[in-house]
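Summary of structural features
Below, each chain spelled out in residue letters.
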Amino acid sequence: MKNKIKKVDLIFEKVDHLSILKKAFERTSDEIILDVIDSGLRGRGGAGFPTGLKWKFAKNEESDQKYVICNADEGEPGTFKDREILTNVPEKVLAGMALCGKAIGATEGYIYLRAEYNFLLGMLNEKIREFNKQMKNMNFEFSVFIRSGSGAYVCGEETALMESMEGHRGEPRNKPPFPTQHGYLAKPTSINNVETLVFALMIANLGPTMFKELGTFDSRGSKVFSISGDTPKAGIYELELGMSLEDFVHEFGDGDTKAVQVGGASGFCVARKHFKDTVIGFEGIPTGGSMMLFNSTRSMYNILKDYLEFFEEESCGQCTPCRVGCQQLLKGVEAVKKGIKPATYLNELQKLSETMKIASKCGLGQSVGNPFNSIVNNFREEIIY
Amino acid sequence: MSKFKVNLKINNIPVSVDEGTTILEAARKLNFNIPTLCHHDDLCVAGNCRVCVVEQKGARLLTASCATPVSEGMEILTNSMKVRQARKHIVELLLTEHNADCTKCFKNGHCELQEISNEYRIGDHVFIDLLQEKDRVQDISSPAIVKDDSKCIRCQRCVRTCAHLQAVSALAVTHKGNKMRISTFLDKPMNDVICTNCGQCINRCPTAALTERSYIDQVFDVIYDPSKFVVVQTAPATRVAIGEEFGLEPGTRVTGKMVAALRRLGFDKVLDTDFTADLTIIEEGNELLRRLKEALVDGKDVALPMMTSCSPGWIKFQEHLYPEFLDNLSTCKSPQQMFGPLAKTYYAEKVNKNPADMIVVSIMPCTAKKFEAERPEMRGSGYKDVDFVLTTRELGMMIKQAGIDFNKLENEGYDSILGDSTGAGVIFGATGGVMEAALRSAYEIVTGREVPFSNLNIKPVRGMEGVKEAAIKIKDVKPEWKFLEGVELKVAIAHGLANAKALMDRVKEGKADFHFIEVMACPSGCIGGGGQPIPTTMEIRKKRAAGIYDEDEHMALRKSHENPEVIELYEKFLHEPLGHRSHDLLHTHYYPRKRH
Ligand SMILES: Cc1cc2nc3c(=O)[nH]c(=O)nc-3n(C[C@H](O)[C@H](O)[C@H](O)COP(=O)(O)O)c2cc1C
Ligand code: SF4
């Protein structure tokens, strides 16, 4: 466990993205992929799948057409780092997509942009036009296109996102087959988070070693955090992974932090007594970037209720455990609060959340139990009384 | 090509199956039953209800067995602690959303949700009831289909049916989360949307969210009314399916028992739609020959290919989606709607009844027939031609309610005048049947010889392929049909509206030069109709089709133009095919409808 908060500047650092690409295009796909594997980079969108492996799977598929998708749906409550990345270094995102295209053998890339970020469309389209021209000038066959979401959280889930791009209702698909085999328009597709793509570009630029030296064995490198809640320093920070939550709170808390919600609404709530032994990273609690701090003025019941209302509405509704489970958890805690159901009913709900976790079709339903159990376990009295 | 084998263990028992087999199928091979709700053999995989989850050793999450192909070395548990708990939870959750008034429900005893709750003995569940009073409204706008969202488990079987089998997409998923529902375009009533009333969604709905609009009580009312003379007609496909309501194998021929049951129910006369099926062949066959003559001899711009018009779901589909082809539809009414006006004119006179006191009831494998009977054009007799339409399933219920032990009934025959039929009328029930019946008669009328197929069985137009094509060379014709000498008559047959759409798109693009096209809205034709016994699968429909062809082979007469009652009808009443009376009673026209 690292003991200090270390700020890093890989994502927002201005670089000459074209010369990085030029260098990369002289290498083979395998060399590019090997570097990404070697760096230990894992997806920054939440699930943390090793990026190099994903690219390798997509590369190994035989197909007349493959696609790169940049997941810019950024719907997780409390996450706003992709917006900043797209605003400040859009060229790096585009270059990361082209790099992925080179690695897996795709000639088209799509950005799936969260509907609420449509104000960025004008600027992004401008950048894309320029970038596509540059790719042509470099004799590299790759064009980027952009698609707007329609405001559903579930469309950030990779297969729902592809359904949405294909003009269908955003419902997650069955897996397998995985997107690297059967993705957008049934073609092999590598879908990566905005931040992941920029890190991949920086690994191509600086080599895997510098990245590997940051972070821990399981959580290499740094990560852009979206810090919000009861903090005097709300905002975007790129920090080395593997810090303890205690150090984090020391740096960002307001002196009265009672809990931190790590990973947004679908993440875990850590109470003060566990700050010390909680690592922020894949070996501890992973996060897509969201860190919400709560001080003692906050009611954890209200926070839980808020999250459950979010999930009750944002579940795509197709699968039973998630659609009905979310409603039951919400109605259940309300009933306990009002005394309509006994406190022991929380145990039934916790059992139910376990079913939701293992039987739901996609990551949304599977993770509702995270906030639910961590808040109920840590703040049971606040829920009941 | 031999497929790769995959070895796995299910509940510790080794099994070797073809690559691509799902875990569910593999488990069934070992006789382990895994419950399912959203799964249906006719439909693509959804994997959304989650009751089929199983445990894979070493995996963190459970796996939907219907949606997951086997892989080498996999170890599956279908009834572990985790699986049992999850499954029970899932059923309980569904019940909290469900209007579980089972004892009062139309599908009581025929509901898949009820069955699985029964297996798991879900007594009083722990969770909170989510169904609200305002959710308990039924959409009864359609004369054919009732939609009840309070019974819906959101498995989307109807949505997949409507989109993939029928290419209609009248039903779709709307909203998300707790508000997610199956709805229509802009939430309009079922009667105001593109729904064809085919009822295929009903056949695949696991609960009572989609059912037929039932007219059982109205029919009993008129039967009990001594002032009414109630005649009943039975469609071809009902006789090989009604047995399923009484535990018999699909395809069992129970025509005689069905007739006996109808008499015991109190119908005054039991007559047969097969009769008007034969009549349809005469009218429609002549219409085809007339169109061909007009095209080939008179050089007129007539609408070809001619398309059959027996299937009211198909008619409404055309009216909505291909209104520019309405002239191609045969102007013949369907056999049901030919029967109605003949019953209230020709027949009424013969049996000396006042048509105002007559009630015509039909037993149909179809829900669209309920809609068809309500069409304002269908009043050729001056009265509503067909008063009530019941599905095969509703007839089954009536027989049970009346305490009739169906399986023990002795066979009885149809009453006369509109009761005689040939094998050609019977095969209307299966896809390709109308075409085969038409060819048997038309070929013989034109050449004076029987169709050149062994035992009259025109095999190329039979079978379950989505779109079938065939060609018959017409040779050595009678002098009056000289213009057809050497013509190769090209025909096509589609069943299921998605197949019909594929065929229509070819016609529209000018890539098809058929003379005659048969379309049945339902997969496999009327034997797979939306009013037939539930469940339906390809296997069941194949058995019903076999029953139909078996019935045909057992008939004394097998060509429509040889039906003695039809011959008599022309002699005494209609005088000639496509004549004045036919025009008034047996032919109709169609109206373009909007897409939404
Ligand atoms: C409900 C749900 C919402 C998600 N939303 C996002 C999102 O907004 N942005 C994102 O990058 N990944 C999101 N993901 C994760 C994606 O499914 C996918 O794992 C990710 O895009 C892969 O990229 P990465 O490997 O670079 O992280 C979401 C997952 C779920 C289950
Ligand atoms: S878990 Fe929720 S969001 Fe995911 S498929 Fe199921 S209902 Fe949809």
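Scoring rules and cut-offs
Every residue gets a number counted from 1 within its own chain, in the order that chain's sequence is written. Chains carry letters and ligands carry numbers; both start at the beginning, A for chains and 1 for ligands, and go up in the order they are written. At least 70 in pLDDT is required for a residue's local features to be given in this predicted model, at least 80 for side-chain atom pairs to be given and counted, and no such filter applies to totals for whole chains, interfaces and linings, which use all residues. Excluded from the side-chain calculation are hydrogens and water; included are all heavy atoms of the structure. The numbering of helices and of strands both runs from the N terminus, where a helix is a DSSP run of H or I of at least 4 residues and a strand a run of E of at least 2. Computation of the radius of gyration draws on C-alpha atoms, with the globule rule given as 2.2 Å multiplied by the number of residues to the power 0.38. Relative accessible area decides the class of each residue, using a 1.4 Å probe on protein chains only: under 20% of the type maximum gives buried, over 50% gives exposed, and in between gives partly exposed. Note on definitions: a residue-residue contact is assigned when non-hydrogen atoms from the two residues lie within 4.5 Å. Where each domain starts and ends comes from a domain assignment, either automatic or drawn from a database. When two parts are brought into contact, each loses some accessible area as probed by a 1.4 Å sphere; the total of that loss over both is the buried area. Salt bridges are identified by distance alone: a Lys or Arg side-chain nitrogen within 4 Å of an Asp or Glu carboxyl oxygen. N or O atoms within 3.5 Å of each other form a polar contact, as long as, within protein, one can give a hydrogen and the other can take it, and as long as residues adjacent in sequence are counted only when both atoms are side-chain atoms. Following the grouping adopted for this structure description, the nonpolar residues are Ala, Val, Leu, Ile, Met, Phe, Trp, Tyr, Cys and Pro, the charged ones are Asp, Glu, Lys and Arg, and the polar ones are all others, Gly among them. Centres within 6.5 Å make a pair out of two Phe, Tyr or Trp rings, where for Trp the six-membered ring is used; the pair is then stacked when the planes are under 30 degrees apart, edge-to-face when over 60, and tilted otherwise. Both a distance and an angle decide whether a charge sits over a ring: NZ of Lys or CZ of Arg must be within 6 Å of the ring centre and within 35 degrees of the ring normal. If a single non-hydrogen atom of a residue is within 4 Å of a molecule or strand, that residue counts as near it.

**Considering the overall build of chain B**
- Regarding its fold elements, chain B presents 18 helices and 18 strands.
- By the compact-globule yardstick of 25 Å for 596 residues, chain B fits well, its C-alpha radius of gyration being 25 Å.
- Structurally, chain B occupies a C-alpha span of about 80 × 60 × 50 Å along its principal axes.
- Counting all 596 residues of chain B, 62% fall into the buried class.
- Sequence-distant contacts, at least 24 apart, represent 75% of the contacts inside chain B between residues at least 6 apart.

**Considerations on the domain arrangement of chain B**
Residues and elements named next belong to chain B.
- Domain assignment breaks chain B into domain 1 (5-79), domain 2 (94-212) and domain 3 (227-275 + 336-408).
- The interface is formed by 13 residues belonging to domain 1 together with 15 residues belonging to domain 2.
- Buried surface at the junction of domain 1 and domain 2, both sides included, amounts to about 1,100 Å², of which 62% is carbon and sulfur.
- Linking domain 1 with domain 2 are one salt bridge.
- For Asp 42, the salt bridge goes to Arg 204, with nearest N and O atoms at 2.7 Å.
- In this assembly, domain 1 and domain 2 are joined by six residue pairs in polar contact (both at pLDDT 80 or more).
- Of the residues assigned to the side of domain 1 that touches domain 2, the class counts are eight nonpolar, four polar and one charged.

**Some points on the packing of aromatic side chains**
- In total, this model carries 23 aromatic pairs over all chains according to the counting rule given.
- Here Tyr 67 of chain A and Tyr 110 of chain A contribute two aromatic rings whose centre-to-centre distance is 6.0 Å and whose plane-to-plane angle is 65 degrees, an arrangement assigned as edge-to-face. With Tyr 67 of chain A in strand β1 (residues 67-72) and Tyr 110 of chain A in strand β2 (residues 108-113), this pair connects stretches of sequence that are 43 residues apart. Assigned by exposure class, Tyr 67 of chain A and Tyr 110 of chain A land together as buried.
- Geometrically, the ring pair formed by Phe 310 of chain A and Phe 311 of chain A is edge-to-face, given 5.4 Å between the ring centres and 70 degrees between the ring planes.
- Three or more aromatic residues joined by ring pairs make a cluster, and in this case those are Tyr 67, Tyr 110, Phe 145 and Tyr 184 of chain A.
- Positioned above the aromatic ring of Phe 246 of chain B is the side chain of Lys 400 of chain B, whose terminal nitrogen or guanidinium carbon lies 5.4 Å from the ring centre.

**Things to note about the site of ligand 1**
Residues and elements named next belong to chain A.
- As a matter of local geometry, ligand 1 sits amid 19 residues, with Gly 45, Lys 54, Asn 71, Asn 193 and Thr 196 nearest to it.
- Taking Asn 71, its side chain carries an N or O atom lying 2.8 Å from an oxygen atom of ligand 1.
- Within the side chain of Asn 193, an N or O atom sits 2.7 Å from an oxygen atom of ligand 1.
- Sort the elements by how many residues they give to the shell around ligand 1 and strand β4 (residues 189-193) lands first, with three residues.
- Within the shell around ligand 1, the residues separate by chemical class into four nonpolar, nine polar and six charged.

**Re helix α7 (residues 158-165) of chain A**
Residue and element names in this part refer to chain A.
- Counting buried residues in α7 gives seven out of eight residues, a clear majority hidden from the surface.
- Contacts from the buried residues of α7 go to β1, β2, β3 (143-148) and β4.
- The positive-phi residue at the C-terminal boundary of α7 is Gly 167, with phi of around 90 degrees.

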